[in-house]
2 protein chains.
Amino acid sequence: MTARTTPAATTNFEDLYPSRVKSYPETLDRQDPVVYGTAQDGPLTEEQLNQYERDGFLILPAFFSDHEVAAFRAELSALRDCQETKQKPEAILEPDHSELRSLFSVHRPEISPLFSKVASDKRIVQMTNQILGSEVYIHQSRVNLKPGFAGKEFFWHSDFETWHVEDGMPRMRAVSCSLLLDQNDEFNAPLMLVPGSQQEYIACVGETPDDHYQNSLRRQEVGIPDHQSLDEMVNQYGIVQGVGPAGSILLFDCNIMHGSNSNITPLPRSNLFFVYNSTSNYLVQPFGNQNQRPEFIASREDCEPIVPQTITHD
Amino acid sequence: MTARTTPAATTNFEDLYPSRVKSYPETLDRQDPVVYGTAQDGPLTEEQLNQYERDGFLILPAFFSDHEVAAFRAELSALRDCQETKQKPEAILEPDHSELRSLFSVHRPEISPLFSKVASDKRIVQMTNQILGSEVYIHQSRVNLKPGFAGKEFFWHSDFETWHVEDGMPRMRAVSCSLLLDQNDEFNAPLMLVPGSQQEYIACVGETPDDHYQNSLRRQEVGIPDHQSLDEMVNQYGIVQGVGPAGSILLFDCNIMHGSNSNITPLPRSNLFFVYNSTSNYLVQPFGNQNQRPEFIASREDCEPIVPQTITHD
């Protein structure tokens, strides 16, 4: 397979979204559309597309049936309890103990045959094709296990900021799909989003250390926005929680500001997470000039366009 | 002033609520009423008393005016910014940095003239007199500063469990009054309560180390209920959030199970906290047989019945 990377250094790829460069934070305007396709492309309606464009996200409650969710949860349990899985580089453990926190590359059949099918589910892929106005491939995928009693907080961040600086994603043309495997409500620390914040880009302060990902996936310390910029953003746009029953889908823009509080309730909050990137937006050299992160965090080699498939989840 | 302590050892005070004794957790029934007075005593109505008895708490939205809240917040700012205050033993700092997390004994004029007046506010004291069916004194008071961005979680606990084991509070006959100094909503990690849980007492596992309070006020590690008991409790009773605008009051029983998630939002969640104990329920020797905790955490010397006062907050 051929790597689809165009090295920024050799092609002088313009950095429209510099971050972690200056000694003070800056808020820049977004240079890219949020929605690239139209309602005529389907399956999302004009109203849904407008909502996605305005808010930067869209919740589709109970998208998968209880029967499908049960199968997903059985797969999740099997992965969590598998010692071999926990020792893979794709496995990220909780800071305090050895429980699985996240498992990457679940869209690859060798990691999870079932979740790899979900990643190419026709209904999901067609929505991402429509939003991004192109074919898509999986930039990153993972399952997040946010257990009851001990789910750690995740501070505010724009995914794109990290993908741009650390992975070389050139433009804002990616959509994340979070599939809720548990009911998410106001108690179990659901994802919080700042609706409209996808239109602004907070350039962060601080240099990226080498091999930053080995710690940042547990607790991010650079690439996080400053308090004053966040304060202003939340004052302007407010906060919305991504809540819904198990089986719901949350589609959200790569640049929307989001995070979550810790979860002391007994109620877990696990989810499947697929990032669909446009095939017009393949990675180049990281704009932060670090080493490339591993393939399981940022696809460079294995990024064929996804062929949408009609899948029977049995 | 005379200490009102009756040493448990010399009087054979029966321990109705043993905890941190056995190597396995146990759930015991409550042996005491939740409400001791009647609607005839006023000011709470029969409906409010019934609700308090059933749920173990009562929210009185916007109990104090915006004008009063502004004065309370000014006092809070002054205390927070005072270096001298931060060096007092009554001051508890955040684990990660030197910000003030809690300040105890704010009902004493030498700590805060204004908050000491609030503690004897006629409207509050009469409600606690009514619930407890007796005169009351302040067992403990504090102001909790839950700042934006970095408010730490507080794991599930019954206050009474600690006050019984570590302070020698004999019976369940105390009511806490939390006065919200900021709007509390689903975003900024409000207090979560398990309604009805005041009827059960989870005897915890684990011995109490000496001078436990020096760490437990920042991050409690013993005297916390086990996961299985909590899981069953939440399954049975559910969870309610103590939300309301700034100036609201939350009255809650000493034995209700409660806790809070961390708060990554820019929105602070500060509150004033007074514990009114019945004058029929003065402290004895700690049932856990540790050293007594300091006077600023558990009043023994200075516990005259409060005379309710009509106060002008100007």
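See above for the structure.
Since the model is a prediction, treat every value here as computed from it, not as a measurement.

Participant: What is the right way to read the overall build of chain A from this model?
Facilitator: Along chain A, the regular secondary structure elements total nine helices and 13 strands. At 18 Å, chain A has a C-alpha radius of gyration in line with the 20 Å of a compact globule built from 314 residues. Scored against the burial criterion, the 314 residues of chain A give a buried share of 59%. Counting contacts in chain A only where the partners sit at least 6 residues apart, residues at least 24 apart contribute 85% of the total. Taken as a whole, chain A presents about 12700 Å² of accessible surface, with 47% of it coming from carbon and sulfur. Of the charged side chains in chain A, 24 are positive and 44 negative; the average position of the first set lies 4 Å away from that of the second.

Participant: When you look at the layout of surface pockets in this model, what are you seeing that I'm missing?
Facilitator: Remark: the empty space left among the atoms is shown by a probe the size of a water molecule rolled over them. All names here are of chain A. The space that makes up the second largest pocket amounts to roughly 330 Å³. Broken down by element, the lining of the second largest pocket gets its largest block of residues, three residues, from helix H5 (residues 113-119). Of the residues contributing to the lining of the second largest pocket, the split by class is seven nonpolar, four polar and five charged.

Participant: Got a minute to help me understand the packing of aromatic side chains in this structure?
Facilitator: This structure, assessed with the given rule, holds 22 aromatic pairs over all chains. Aromatic side chains Phe64(B) and Phe72(B) sit 5.2 Å apart centroid to centroid with 80 degrees between the ring planes, which places their arrangement in the edge-to-face category. Note on accessibility: Phe64(B) and Phe72(B) belong to one class, buried. Through a chain of ring-to-ring contacts, three or more aromatic side chains come together here, namely Phe63(A), Phe64(A), Phe72(A) and Phe115(A).

Participant: What's the story with the environment of Pro225(A) in this structure? I'm lost.
Facilitator: Residues and elements named next belong to chain A. The residue Pro 225 is located in the loop between helix H8 (213-216) and helix H9 (227-237) in this model. C-alpha separation for the pair Pro 225 and Trp 156, spaced 69 residues apart in sequence, amounts to 7.2 Å. In contact with Pro 225, other than residues within four places in its own chain, are Phe 155, Trp 156, His 157, Ile 202, Cys 204, Leu 230 and Met 257.

Participant: Can you walk me through the pattern of salt bridges in this structure?
Facilitator: A side chain with one charge may pair with a side chain of the opposite charge, provided their charged atoms come close. All names here are of chain A. The tally for this structure, following the rule as stated, stands at 24 salt bridges over all chains. Of the charged contacts in the structure, one is a salt bridge between Asp 55 and Arg 54, with a shortest N-O distance of 2.9 Å. Classification of Asp 55 by relative accessible area gives buried; the value is 13%. Overall, the relative accessible area of 56% leaves Arg 54 in the exposed class. Between Asp 167 and Arg 293 there is a salt bridge, with the nearest N and O atoms lying 2.8 Å from each other. In this pair, Asp 167 is assigned in helix H7 (residues 159-167) and Arg 293 in the segment after strand E13 (271-278), connecting sequence segments 126 residues apart. Per residue, the accessibility class of Asp 167 equals that of Arg 293, and both read buried. Residues participating in the shared-partner salt-bridge network are Arg 20, Glu 161, Glu 166, Asp 167 and Arg 293.

Participant: Just checking my understanding: could you explain the interface of chain B and chain A for this structure?
Facilitator: Accessible area lost upon the coming together of the parts is a frequently used measure of interface size. Each partner contributes to the interface: chain B provides 25 residues, whereas chain A provides 25 residues. Across the interface of chain B and chain A, roughly 2100 Å² is buried in total on both sides, 68% from carbon and sulfur atoms. Contact with chain A buries surface across chain B, with Phe149(B), Phe187(B) and Ile264(B) losing the most and accounting together for 34% of the total. Between chain B and chain A we count zero salt bridges in total. Here chain B and chain A share 13 residue pairs in polar contact (both at pLDDT 80 or more) between them.

Participant: Before we go on, may I ask you to explain the relation of the copies chain B and chain A in this structure?
Facilitator: Comparison of the two chain copies shows a relationship of rotation about an axis with a shift along it. For the pair chain B and chain A, the best superposition has an RMSD of 0.0 Å and corresponds to a rotation of 180 degrees with a translation of 0.0 Å parallel to the axis. Put plainly, the chains are arranged around a two-fold axis. Minimal C-alpha distance to the rotation axis in chain B is attained by Ser262(B), lying at 2.6 Å. With an isologous cut-off of 70% or more, the 100% of interface residues of chain B that recur at the interface of chain A puts this contact in the isologous class.

Participant: Explain the pairing of strand E5 (residues 136-144) of chain A here, please?
Facilitator: On a regular strand, one side chain projects to one face of the sheet and the next to the other, so that they alternate. Residue and element names in this part refer to chain A. With respect to burial, E5 is a largely interior element, nine of its nine residues being buried. Across three bridges, the pairing between strand E4 (residues 100-104) and E5 is antiparallel. For Phe 104, the partnering residue across the bridge sits in E5 and is Arg 142. Both E5 and E13 contribute to a ladder of eight bridges, which runs antiparallel. Paired with Val 143 across the bridge in E13 is Leu 272.

Participant: Looking at this structure, how should I read the pairing of strand E13 (residues 271-278) of chain B?
Facilitator: All names here are of chain B. With eight of eight residues buried, E13 is to be regarded as a mostly interior element. Burial along E13 is two-sided: the residues Asn 271, Phe 273, Val 275 and Asn 277 and Leu 272, Phe 274, Tyr 276 and Ser 278 are all buried. As paired strands, strand E7 (residues 174-180) and E13 are joined by seven bridges and run antiparallel to one another. What sits directly across from Leu 179, in E13, is Leu 272.

Participant: Sorry if this is basic, but what is going on with unusual backbone geometry here?
Facilitator: Across residues other than glycine, the phi torsion is negative in most instances, and most of the peptide bonds are trans. The amide bond that connects Gly42(A) to the next residue, Pro43(A), takes the cis arrangement and shows omega of 0 degrees. Along the chain, the position of Pro43(A) falls in the loop between strand E1 (26-29) and helix H2 (46-55). Located in the positive-phi region is Ala62(A), a residue other than glycine, with phi close to 50 degrees. The exposure class assigned to Ala62(A) is partly exposed, which follows from its relative accessible area of 45%. Unusually for a residue other than glycine, Arg20(B) sits at a positive phi of about 60 degrees. Along the chain, the position of Arg20(B) falls in the loop between helix H1 (8-11) and strand E1 (26-29). On the basis of relative accessible area, Arg20(B) is assigned to the buried category, the value being 6%.

Calculation criteria
Residues numbered from 1 in each chain as written. Chains lettered and ligands numbered in written order. Predicted model: local features only at pLDDT ≥ 70, side-chain atom pairs only at ≥ 80, totals over all residues. Heavy atoms only, no water. Helix = DSSP H or I, 4+ residues; strand = E, 2+ residues; numbered from the N terminus. Rg over C-alpha atoms; globule rule 2.2 N^0.38 Å. Buried < 20%, exposed > 50% of the residue type's maximum accessible area, 1.4 Å probe, protein only. Contact = heavy atoms within 4.5 Å. Areas by Shrake-Rupley, 256 points an atom, 1.4 Å probe, with all protein chains shown as cover. Lys, Arg positive; Asp, Glu negative; His and termini not counted. Charge placed at Lys NZ, Arg CZ, Asp CG, Glu CD. 1 Å grid on protein atoms, 1.4 Å probe; cavity = no way out; pocket = protein on both sides within 12 Å on 5 of 7 lines; lining within 4 Å. Points joined across faces, edges and corners; volume = space filled by probe spheres on them. Nonpolar A, V, L, I, M, F, W, Y, C, P; charged D, E, K, R; others polar. Phe/Tyr/Trp six-rings, centres within 6.5 Å; stacked < 30°, edge-to-face > 60°. Salt bridge = Lys/Arg side-chain N within 4 Å of Asp/Glu carboxyl O. Buried area = accessible area lost by both parts, 1.4 Å probe. Polar contact = N/O pair within 3.5 Å; in protein donor to acceptor, adjacent residues only side chain to side chain. Least-squares fit on C-alpha atoms with pLDDT ≥ 70 in both. Pairing = 2+ DSSP bridges.

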